[in-house]
Amino acid sequence: LGTALRSAVQRMGMGSVITQKDIERTLREIRVALLEADVALPVIKAFLGRVQEQALGKNIVRSLRPDQVISKIVYDETLALVNNAPVQWAKNSCILAVGLQGSGKTTLCGKLAFMFQTQKISTLLVSLDPYRPAAQTQLTVLGHSIGVDVLSVVPGEDVYTTAKRALTYKSSYEHVIFDTAGRLHVDTALMQELTELQNILRAKEVLLVCDSLIGQSITEVIKAFSQFPLTGIALSKLDANHKAGVILSLKSLLNLPIKILGTGEKPQDFMLWDAKRIVNRILDQGDLTELVEKTTQALSKETQAQQLQRLRQGIFTLDDLILQMNALQKMGGLSSLLKLIPGMGTVLESLQNKDTSFKKEKAILSSMTPKERKDPKILDASRKRRVAKGSGTTVQDINQLLTRFGNIKKILGNLPNKR
Ligand code: GDP
Ligand code: MG
């Protein structure tokens, strides 16, 4: 998904204002990328609507390139969508795992028990799935493998009796985790049984276990289970699915926290929810995140706006030059706002030489007095010699820097749209 998004926004080009056409083309491409990542259709529509709304409002930030702006909007929207409060588990409570057959409920119960076990929180595992022959044995074996207590199995006992029997042990454990039966498809019998069980258990935590490979049929499952008082989502098999779009669908269609993610078959294969990590995974985007961070860090929006305004008025001092060098250095390459000013790209490139850290230039500038930086004309031969000595450079280096600075000022002075 990340790659597709990235190329979509990169094609937006370098103009300084986002046009409706830019946005439309980009949104079309993002739409395809989201579809390919298995995000549910209604979710895609809403998501793109929000991105478009924001992108159109973003014309004001002229100091950023459109592709940067859109990348940041997509990132922020994704993060906003998946943001959760930090994961917490109700104390002294029952936890109920529900979901379709094969979604990973039993495995999830093992992961939770394992997690509590490592935190020295006493836990009892209970199987409420007497229908599938091996289901109860599966949970018992799992529990014993991690050293967690499992409620004994009474052959022929119905689920409601088992549930009540389990509750008699509630005071001896901090958590009682209930594994339930699933069906291949959502049906009313299953929902009825779960509702009745919840009436008995009054579990404070009801987790919908969802297979991340579920694809577009997710809307159906969500529709059925959202009638049930869920408190959170557990997403399984994230290791088997590189299309993390299901996360966007779940978060968007069910207004619930995703609490835990299954990343393998073993009890220790899980991760608790971490929105930033998830967004990076969804956008699979080392680069995109980096770009966004660089852009945000390099200059705060306000400084950017102020600077740009000064530049447009033709005000540019050696102190401004230092600011610009710092910005260039942080962003790497010529992404600074100076580049948005016609003709500045080449000047800056020449200024930059091969040294992207501007070591020499910064040494020279910091050896000048504030007065000299404000008015470089007062730099006579003796002052230049002093600066050269202080910065470990030569008078020739200083003259070169001043010539380039003069060129920048000349270009700024000739700007057509001084405002
Ligand atoms: P249930 O029917 O909902 O109880 O599903 P199970 O817990 O029995 O899981 C069904 C299958 O999915 C089993 O083969 C599990 O080993 C496998 N499984 C469950 N969670 C994960 C996971 O996070 N990653 C992987 N790779 N397999 C999983
Ligand atoms: Mg099971």
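Keep in mind that what you see is a predicted model, and the values were worked out from it rather than measured. (Residues numbered from 1 in each chain as written. Chains lettered and ligands numbered in written order. Predicted model: local features only at pLDDT ≥ 70, side-chain atom pairs only at ≥ 80, totals over all residues. Heavy atoms only, no water.)

Caption draft 1: Seen up close, the overall build of the protein chain. Along the backbone of the protein chain there are 19 helices and eight strands. Considering the protein chain as a whole, with its 419 residues, one finds that 50% of them fall into the buried category. The long-range share in the protein chain, meaning contacts at least 24 apart out of those at least 6 apart in sequence, stands at 75%. (Helix = DSSP H or I, 4+ residues; strand = E, 2+ residues; numbered from the N terminus. Buried < 20%, exposed > 50% of the residue type's maximum accessible area, 1.4 Å probe, protein only. Contact = heavy atoms within 4.5 Å.)

Caption draft 2: Representation of the site of ligand 1 within the structure. Taken together, 17 residues surround ligand 1, and among them Gly 102, Lys 105, Thr 106, Thr 107 and Asp 239 come closest. Interatomic distance of 2.8 Å between a side-chain N/O atom of Thr 106 and an oxygen atom of ligand 1. Thr 107 has a polar side-chain atom sitting 2.5 Å from an oxygen atom of ligand 1. When the free accessible area of ligand 1 is taken as 580 Å², the share hidden by the protein chains comes to 81%. Residue classes in the shell around ligand 1 are distributed as one nonpolar, eleven polar and five charged. (Near = heavy atom within 4 Å. Polar contact = N/O pair within 3.5 Å; in protein donor to acceptor, adjacent residues only side chain to side chain. Areas by Shrake-Rupley, 256 points an atom, 1.4 Å probe, with all protein chains shown as cover. Nonpolar A, V, L, I, M, F, W, Y, C, P; charged D, E, K, R; others polar.)

Caption draft 3: Inspection of the pattern of salt bridges at higher detail. Within the structure shown, the criterion is met by nine salt bridges. In this structure, Lys 360 engages Asp 397 in a salt bridge whose closest nitrogen and oxygen atoms are separated by 3.3 Å. With Lys 360 in helix H16 (residues 359-367) and Asp 397 in helix H19 (residues 395-413), this residue pair connects regions lying 37 residues apart in the sequence. According to the relative accessible area criterion, Lys 360 is partly exposed, its value standing at 44%. Residue class for Asp 397 comes out buried when judged on its relative accessible area of 15%. The closest approach of N and O atoms between Arg 404 and Glu 361, which form a salt bridge, is 3.7 Å. One end of the pair, Arg 404, is in helix H19; the other, Glu 361, is in helix H16, with 43 residues separating them in the sequence. Glu 361 shares its class with Arg 404; the two are buried. (Salt bridge = Lys/Arg side-chain N within 4 Å of Asp/Glu carboxyl O.)

Caption draft 4: Expanded view of the pairing of strand E5 (residues 205-211). Of all seven residues in E5, seven are buried; the element is thus mostly enclosed. Burial along E5 is two-sided: the face carrying Glu 205, Leu 207, Val 209 and Asp 211 and the face carrying Val 206, Leu 208 and Cys 210 are both buried. Pairing of strand E1 (residues 93-98) with E5 involves four bridges; the strand directions are parallel. Residue pairing in the sheet places Ala 97 in a bridge with Leu 207 of E5. With five bridges joining them, E5 and strand E6 (residues 232-236) adopt parallel strand pairing. (Pairing = 2+ DSSP bridges.)

Caption draft 5: Quick peek at the sheet that holds strand E8 (residues 270-272). Within the open sheet, the eight strands sit side by side as E3-E2-E4-E1-E5-E6-E7-E8. Their pairing is mixed. With one partner strand each, in any of the chains shown, strand E3 (149-150) and E8 form the two edges of the open sheet. Relative to strand E4 (residues 175-180), strand E2 (residues 123-128) is paired through six bridges, and the arrangement is parallel. By the bridge assignment, Leu 125 is partnered in E4 with Ile 177. In this fold helix H5 (residues 105-118) packs onto E1, E2, E4, E5, E6, strand E7 (258-262) and E8, with an angle of close to 165° to the strand it touches most, E4. Packing of helix H8 (residues 188-201) onto the sheet brings it into contact with E1, E2, E4 and E5, and relative to E1 it is tilted by some 175°. (Axes fitted to C-alpha atoms, helices over the stretch in contact; angles between N-to-C directions.)

Caption draft 6: Layout of the packing of H16 against helix H18 (residues 381-391). H18 packs onto H16 with a crossing angle of 125° between their chain directions and a minimal axis gap of 8 Å. Comparing the axis directions of H16 and H18 gives the class oblique. As H16 runs across H18, the sense of the crossing is right-handed. Here Ala 363, Ile 364 and Ser 367 of H16 lie close against H18, whose contacting residues are Arg 386, Val 387, Gly 390 and Ser 391. Counted by class, the contact of H16 with H18 contains three nonpolar, three polar and one charged residues. (Parallel < 35°, antiparallel > 145°, perpendicular 65-115°, else oblique. Left-handed = near helix turned anticlockwise from the far one by under 90°.)

Caption draft 7: Focus on the packing of helix H7 (residues 159-167) against H8. Packing of H7 against H8 brings their axes to within 10 Å, and their N-to-C directions diverge by 25°. Taken together, the axis directions place H7 and H8 in an arrangement best described as roughly parallel. Two packed elements cross with a definite hand, and for H7 against H8 that hand is right-handed. Along the contact surface, H7 presents Val 159, Tyr 160, Ala 163, Lys 164 and Leu 167, while H8 presents Glu 193, Glu 196, Leu 197, Ile 200 and Leu 201.

Caption draft 8: Layout of the side chain of Glu 77. Considering the arrangement of structural elements, one finds Glu 77 in helix H4 (residues 66-82). Using a relative accessible area of 8% as the deciding quantity, one classes Glu 77 as buried. Among the polar contacts listed, one links the side chain of Glu 77 to the side chain of Arg 50, at a separation of 2.7 Å. Apart from residues no more than four positions distant in its own chain, Glu 77 is found in contact with Phe 47, Arg 50, Val 51 and Gln 54.

Caption draft 9: Representation of helix H9 (residues 218-225) in the model. Every buried residue of H9 is accounted for by Ile 218, Val 221, Ile 222, Ala 224 and Phe 225. In a view along the axis of H9, the buried residues occupy a sector of 165°, so they form one face of it. Residues of H9 that are buried make contact with E1, H8, E5 and helix H10 (245-253). (Arc of directions from axis to C-beta.)

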